[in-house]
Amino acid sequence: MCGIAGLIHRGSSSDVGFEMTAMLQALKHRGPDSTGFAVYGQPSPGDYIMRFKLAEQEDMASGYDIGEKIAARETEVQKRLGILGATINDQQVATAYARRYVISHEGDMEKLSRYVEDVEGVEILSMGSALELIKDLGDAALVSEQYGLGSFNGTHGIGHTRMATESDVDIRSAHPYWAFPYNDVSVVHNGQITNYWLMRRELERKGNRFVSDCDSELLAVYTAVNLANGATLEDSLKASIKEIDGVFTYLVATKDELGMAKDTMAAKPLVLYESDDMIAMASEEVAIRAILPQEIDTTDPYDEEIRVWRA
Amino acid sequence: MAGLNQEDRARELGMVSEQLSGRTQQVFFQPEEADNLLYPWAPDVDYNKRAELDVADLTTTEVNREIKRLMSDGYGTIVIHNPRGKHSLGVGILNRLNLIFEGSLGYFGVGLIDGPNVRINGRVGWSCGENMMSGTILIEKNAGSTFGAALRGGDLVCRGSVGSRTGIDMKGGTILVGGDTGAFSGFMMQRGRMVVCGNAGKNLGDSMYDGTIYIGGEIRDLGVDAVPAELTDLDKAWLTRKLKLYDMLPEKGVDHFTKIVAGKQLWNYDNLEPAEKKLIL
């Protein structure tokens, strides 16, 4: 089933971490396997926030030497960042297997990302100037507490509670998905993409990276490629209605935009609330009401509808 | 039309007036046997006995249990405050009751009901009034998709717009929508009437078996085997009466409505014996 949620504040920032946690916790019944957040703070020019993991959560119970392996992998990541000329300005331990680095780099970010991910067991969850992507097993409250998300201040965010159907219960298969070469892009999706393998092969032949077997990742790569080729977010969402087969409602965020698209069958839900100050959307109204307890007017977008809002 | 007898008028409206037989008809729908219109275990409620309930901190199960308890104590008017989009509120009520929600409901709101009059001063999520058998549901704002799915009877009314697949698989009753409806509305509809004052999305009435759809605005396109039909005087009279009842009659009247019925090229239940038809429907 899965639940998706997103919100964007117009012209101001707010406790987006806290708000997204409340919204996703209200959607826990739609999928308790994993929870993910992509939240956007103020962009810091010249700096990139790199969220990455050094192992899967289940690896932590798989051997006596996992701690040493993680330490070795982190040392190798630091070494490779240095080799390509990146400077680590700040480094934080998010969990035993997840890290948050702030780096400066003037070179090719895609080359840097590929070189870092070449280290065994390492996967970059997100890279961007405003994006912070957090995902792990468990419900929203648990993941948010683990990663200290409650105090995050920003302009917008999207999130996902996952009921695993066709791929594994692990961090790799959890949403949101980020994809290079476009920094700061993130995607959450509810539905099934039926031309996944066809489109994935086509994108892979062009050199694009896929880290999981989850069909939702296709939307992230597809969007990232479109944006890198100069399309606007609106263009990409509109094209996806024709090019992506299946049933889907998905949300895309960039450093200053939030967009949604609903497939031609309108088979997956989304409830939308719009005001002058903020826009909130979720699979169910109960998630929006978790942050707006007062009575509000909401609508359901129709089939083939796309929308984009700017922060 | 005025000179026609009841059976011919019904046929003009695209309905079938065969004499149904069987236990269900005899036990529950003989008007002279008024007692049989109520379930034997239905509580005897008094509409003038009113209870107010704030459910902000209650779970769905707790709310529904509380409604049940109030009904068994004879309360005939129950007002629910702060439902805050909770799912499955007010489901399975099988007796007379005035139920008022001061706020919005989530999925499956007041589904599977048989008898109560429900007013929702807010919006509803997916599948409101699913499988409703009798009574009325009036929603002041918008509604989600699959509004009135498998509806069997009663009036399901939304003053705002509704999502996709409205009245999917409906088997009777009436759906009234003040605004627009989304794609695939009336999909596999088998009986009953749907009235939409605004526009309809694509594939309207796709694969419908029977029943009638009235659209006041534009229709994006018709589904397989859904065909336009003549809007008769009887249709207009019925539409006017029904829409007036809920204060939803458009200023310009009902002459502009488009009537859609089944072409019966895919399925034609009229070729079946009544007993066979009843088994299917």
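Analysis parameters
- Residues numbered from 1 in each chain as written.
- Chains lettered and ligands numbered in written order.
- Predicted model: local features only at pLDDT ≥ 70, side-chain atom pairs only at ≥ 80, totals over all residues.
- Helix = DSSP H or I, 4+ residues; strand = E, 2+ residues; numbered from the N terminus.
- Contact = placed C-beta atoms within 7 Å.
- Pairing = 2+ DSSP bridges.
- Axes fitted to C-alpha atoms, helices over the stretch in contact; angles between N-to-C directions.
- pLDDT = per-residue confidence, 0-100.
- Parallel < 35°, antiparallel > 145°, perpendicular 65-115°, else oblique.
- Left-handed = near helix turned anticlockwise from the far one by under 90°.
- Nonpolar A, V, L, I, M, F, W, Y, C, P; charged D, E, K, R; others polar.
- Domains from an automatic or database assignment.
- Core = buried A, V, L, I, M, F, W, Y, C linked by C-beta atoms within 7 Å.
- Buried ≥ 20, exposed ≤ 12 C-beta atoms within 10 Å, placed from the backbone.
- Arc of directions from axis to C-beta.

**A word on the overall build of chain B**
- In terms of helices and strands, chain B carries 5 helices and 11 strands.
- Long-range pairs, those at least 24 residues apart, make up 31% of the contacts in chain B between residues at least 6 apart in sequence.

**A short note on the sheet that holds strand β3 (residues 47-53) of chain A**
Residue and element names in this part refer to chain A.
- Read from one edge of the open sheet, 4 strands run β4-β5-β3-β6, paired in antiparallel fashion. Across the chains shown, the open sheet's two edge strands, defined by having one partner strand only, are β4 (87-95) and β6 (123-128). Each adjacent strand pair in this sheet contributes to an overall mean axis angle of 20°, direction not counted.
- The pairing of β3 with strand β5 (residues 98-104) spans 7 bridges and is classified as antiparallel. What sits directly across from F52, in β5, is R99.

**A word on the sheet that holds strand β11 (residues 257-262) of chain A**
All names here are of chain A.
- Ordered by their spatial adjacency, 4 strands build an open sheet running β9-β10-β11-β14, and the pairing between neighbours is antiparallel. Whereas interior strands pair on both sides, the edge strands pair on one side only; in this sheet they are β9 (186-193) and β14 (306-310). Going across the sheet, the axis of each strand differs from the next one's by a mean of 5°, ignoring polarity.
- With 8 bridges joining them, β9 and strand β10 (residues 246-253) adopt antiparallel strand pairing. Note that in β10 the partner of S186 across the bridge is A253.
- Sitting on the sheet, helix α7 (residues 233-243) touches β10, β11 and β14, and the angle it makes with β14 is about 165°.

**Focus on the confidence of the model for chain A**
- Chain-level pLDDT for chain A is 93 on average; 100% of the residues reach the 70-or-more range.
- Confidence scores differ between elements of chain A, with β6 of chain A showing the lowest mean pLDDT of 91 and β11 of chain A the highest of 98.

**Thoughts on the packing of helix α6 (residues 216-228) of chain A against α7 of chain A**
All names here are of chain A.
- α7 packs onto α6 with a crossing angle of 135° between their chain directions and a minimal axis gap of 9 Å. As far as their axial angle goes, α7 and α6 are oblique. At the point where α6 passes α7, the crossing takes the right-handed sense. For the pair α6 and α7, the contacting residues are Y222, T223, N226 and L227 in the first and L233, D235, S236, A239 and S240 in the second.
- A class-by-class count of the residues in the contact of α6 with α7 yields 4 nonpolar, 4 polar and 1 charged.

**Quick notes on the interface of chain A and chain B**
- Taken together, the contact between chain A and chain B spans 14 residues of the former and 20 residues of the latter.
- For the side of chain A that touches chain B, the class distribution of residues is 5 nonpolar, 2 polar and 7 charged.

**With respect to the domain arrangement of chain A**
Residue and element names in this part refer to chain A.
- Domain annotation for chain A reports domain 1 (3-39 + 154-310) and domain 2 (44-129).
- Tallying the contact residues gives 12 residues for domain 1 and 13 residues for domain 2.
- Broken down by class, the residue content of the side of domain 1 that touches domain 2 amounts to 6 nonpolar, 2 polar and 4 charged.

**A look at the packing of helix α5 (residues 196-205) of chain A against α6 of chain A**
Residues and elements named next belong to chain A.
- For the pair α5 and α6, interaxial distance at closest approach is 10 Å and the crossing angle is 40°. If you check the angle between α5 and α6, you find them oblique. Regarding α5 and α6, the two cross each other, and that crossing is left-handed. Contacts from Y196, M199, R200 and L203 of α5 reach α6 at L218, V221, Y222 and V225.
- Grouping the amino acids of the contact of α5 with α6 by side-chain chemistry returns 7 nonpolar, no polar and 1 charged.

**Some details on the nonpolar core**
- Ranked by size, the top nonpolar core spans 81 residues in total, and within it A5, M23 and A282 of chain A carry the most contacts.
- Here this core takes 8 residues from α6 of chain A, the largest share from any one element.
- When residues of this core are assigned to domains, at least three fall in each of domain 1 (3-39 + 154-310) and domain 2 (44-129) of chain A.
- Once residues within four sequence positions are removed from consideration, A5 of chain A is found in contact with M20, M23, L24, L27, I158, G159, M281, A282 and A287 of chain A.
- A266 of chain A together with V157, M170 and A200 of chain B belong to the second-largest nonpolar core, a separate cluster that totals 65 residues.

**With respect to the environment of S167 of chain A**
All names here are of chain A.
- Tracing the sequence through the fold places S167 in the loop between β8 (156-162) and β9.
- Sequence separation between S167 and A98 is 69 residues, and the spatial gap between their C-alpha atoms is 21 Å.
- Other than its neighbours up to four places away in sequence, S167 contacts S173, S212, D213 and C214.

**Section: helix α1 (residues 16-26) of chain A**
Residue and element names in this part refer to chain A.
- The element α1 is largely enclosed, with a buried count of 8 among its 11 residues.
- Listing the buried residues of α1 in full gives V16, G17, E19, M20, T21, M23, L24 and A26.
- Packing partners of the buried residues in α1 comprise β1 (3-9), β2 (34-40), α4 (140-146), β8, β13 (278-282) and α8 (285-289).

**Quick notes on the environment of F108 of chain B**
- Within the fold, F108 of chain B resides in the loop between β3 (98-102) and β4 (114-120).
- Sequence spacing of F108 of chain B and V124 of chain B is 16 residues, and the spatial spacing of their C-alpha atoms is 8.5 Å.

**Overview of helix α3 (residues 109-117) of chain A**
All names here are of chain A.
- Turning to α3, its buried residues number three or more, namely M109, L112, S113 and V116. For α3, the buried positions fall inside an angular range of 95° around the axis, keeping them on one side.
- Summarising the contacts, the buried residues of α3 are in contact with α2 (66-83) and β6.

**Looking at the pairing of β2 of chain A**
Residue and element names in this part refer to chain A.
- Buried residues dominate β2, accounting for 7 of its 7 residues.
- Here β2 shows two buried faces, one formed by S34, G36, A38 and Y40 and the other by T35, F37 and V39.
- Bridge count between β2 and strand β7 (residues 131-137): 7 bridges; the pairing is antiparallel. Paired with T35 across the bridge in β7 is D136.

**Observations regarding the confidence of the model for chain B**
- In the predicted model, chain B carries a mean pLDDT of 89, and 84% of its residues have values of at least 70.
- Scored below 50 in pLDDT, residues 20-27 of chain B shows 6 contacts in the model against residues more than four places distant or in partner chains.

**Observations concerning the environment of N98 of chain B**
Residues and elements named next belong to chain B.
- Mapped onto the secondary structure, N98 falls in strand β3.
- Along the backbone, N98 and R119 are 21 residues apart, and their C-alpha atoms lie at a distance of 8.0 Å.
- Dropping the residues within four chain positions of it, N98 is found in contact with Y47, G76, T77 and N117.

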